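# Reading the structure
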Amino acid sequence: MVTVTPLEAELLELAGSVPDPELPVLTLRELGVLRAVRLRGADAAEVELTPTYTGCPAVEAMSLDIERVLHEHGIREVTVRTVLSPAWSTDDISDEGRRKLREFGIAPPRTRREHGPVPVTLGPTRTSVAGPGRTPEADPDLDPVRCPHCGSADTELLSRFSSTACKALRRCLACREPFDHFKEL
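Here we take up the pattern of salt bridges. Opposite charge on two side chains makes pairing possible when the charged atoms of those side chains draw close. Per the counting criterion, the structure on display carries 14 salt bridges. A salt bridge links R68 to E72; its shortest N-O distance comes to 3.6 Å. Residue R68 and its partner E72 are located together in helix α3 (residues 59-72), separated by 4 residues, close to a single helical turn. Here R99 makes a salt bridge to E96, at a shortest N to O gap of 2.5 Å. With R99 and E96 both in helix α4 (residues 95-104), this residue pair falls 3 residues apart, about one helical turn. Looking at R99, the relative accessible area reads 31%, which means it is partly exposed.

Turning our attention to helix α1 (residues 6-16). Along α1, the residues classified as buried are E8, L11, A15 and G16. Along the axis of α1, the buried positions cluster into a sector of 135 degrees, meaning they face one direction only. Tucked into the core, α1 has its buried residues touching α2 (28-31), β1 (34-39), β2 (44-49) and α3.

The next subject is the pairing of β1. Alignment of β1 against β2, held across 5 bridges, turns out to be antiparallel. Each residue of the ladder has a partner; that of R38, found in β2, is E46. A loop of 4 residues connects β1 with β2, the two strands running antiparallel in sequence, and G41 in this loop sits at a positive phi of about 105 degrees.

On to α3. Every α-helical turn comprises 3.6 residues, leaving residues that sit three or four positions apart pointing alike. In a regular helix each residue adds 1.5 Å, so 14 residues correspond to 20 Å; α3 covers 20 Å between its end C-alpha atoms and thus fits that length. Turning to α3, the residues buried within the fold contact α1, α2, β1, β2 and β3 (77-82). One or two positions beyond α3, positive phi appears at G74, with a value near 95 degrees.

Right, let's talk about the packing of α1 against α3 for a bit. The contact between α1 and α3 brings their axes to 9 Å, and the two run at 135 degrees. Classified by the interaxial angle, the pair formed by α1 and α3 is oblique. α1 and α3 meet at a crossing whose hand is right-handed. Touching L11, L14 and A15 of α1 are I66, V69 and L70, all from α3. When its residues are assigned to classes, the contact of α1 with α3 shows 6 nonpolar, no polar and no charged.

Criteria and thresholds
For every chain, the first residue of the written sequence is number 1, and numbering continues from 1 along that sequence. With pLDDT at 70 or above as the cut-off, local features in this predicted model cover only qualifying residues; side-chain atom pairs require 80 or more to be listed or tallied, and sums for whole chains, interfaces and linings still use all residues. As a convention, hydrogens and water are excluded, and side-chain values are obtained from all of the structure's heavy atoms. Salt bridges are counted wherever a side-chain nitrogen of Lys or Arg sits within 4 Å of a carboxyl oxygen of Asp or Glu. Secondary structure is summarised from DSSP: a helix means a run of H or I of at least four residues, a strand means a run of E of at least two, and numbering begins at the N terminus for each. Each residue gets one of three labels from its accessible area relative to the maximum for its type: buried under 20%, exposed over 50%, partly exposed in between, using a 1.4 Å probe on protein chains only. What the arc measures is the spread of directions leading from the helix axis to the C-beta atoms. Should any heavy atoms of two residues lie within 4.5 Å, those residues are considered in contact. Strand pairing follows a simple DSSP-based rule, namely that at least 2 bridges must link the two strands. To estimate how far a helix should reach, multiply one less than its number of residues by 1.5 Å. Where helices are involved, their axes are fitted lines through C-alpha atoms of the stretch in contact, as for all axes, and angles between N-to-C directions lie from 0 to 180°. We call two directions roughly parallel when the angle between them is under 35 degrees, roughly antiparallel when it is over 145, roughly perpendicular when it lies between 65 and 115, and oblique otherwise. Crossings are classed by handedness, with left-handed meaning an anticlockwise turn of the near helix from the far one by less than a right angle and right-handed meaning a clockwise turn. Under this grouping Gly is polar, as are all residues other than the nonpolar Ala, Val, Leu, Ile, Met, Phe, Trp, Tyr, Cys and Pro and the charged Asp, Glu, Lys and Arg.

These figures capture arrangement, not role.
Given below as C-alpha cells:
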C-alpha cells in the first residue's frame, strides 16, 4: 500500500483539476489519466500520467499544463512520467466525467462488463435493440449507444472516427441530431 502525504494529496487534486486539452469539459482526474503525484524532495514532484492510447497527441499538452499548475503552487521541479501499465480504460472515467460528457452532447462510453483485452468488432452500425430474446443483458453487443440529446437508443454509426481517435460520430434516428460517442477501450 502506498502512503500519500497531505501535500501529495493536495498536488494530486491540483494536477487533477487540469482540463483535458481535447475535451475541456473534463478534468484529468475525471478522465482517469492522472495516476499519482509523488514528492521527490522539498520542492520536486513526479507525476504519473497514463494516456488514453499510446500515441495520444494530447500527452504533451497535458504534461505542460500539469507542470504549470504545480509550478504555480511552488513546486520548482516537476517531472511528468508516462505510465503505460496498467493501461487506461474508459472504465477509468469517473461517474462525474460521464455525466459531464453527456451534458456536453457526447455519449459516454458504455461500461464494460469484463476486464481484459477489448475485442474490436466491425458489426452492425445501428444500436437499437430489436428482436425476441435480444437484450443488452443477453447479448452485450446490443448495449445501445444512447443519444445524449434525447436519450433514444435508436442510433446509427456515421463514422468510426470523429474529431479525435477516441470518439466515433453517430446520429440519433429519433431526434436526427448527430453526436460524438466516446468509444469504449
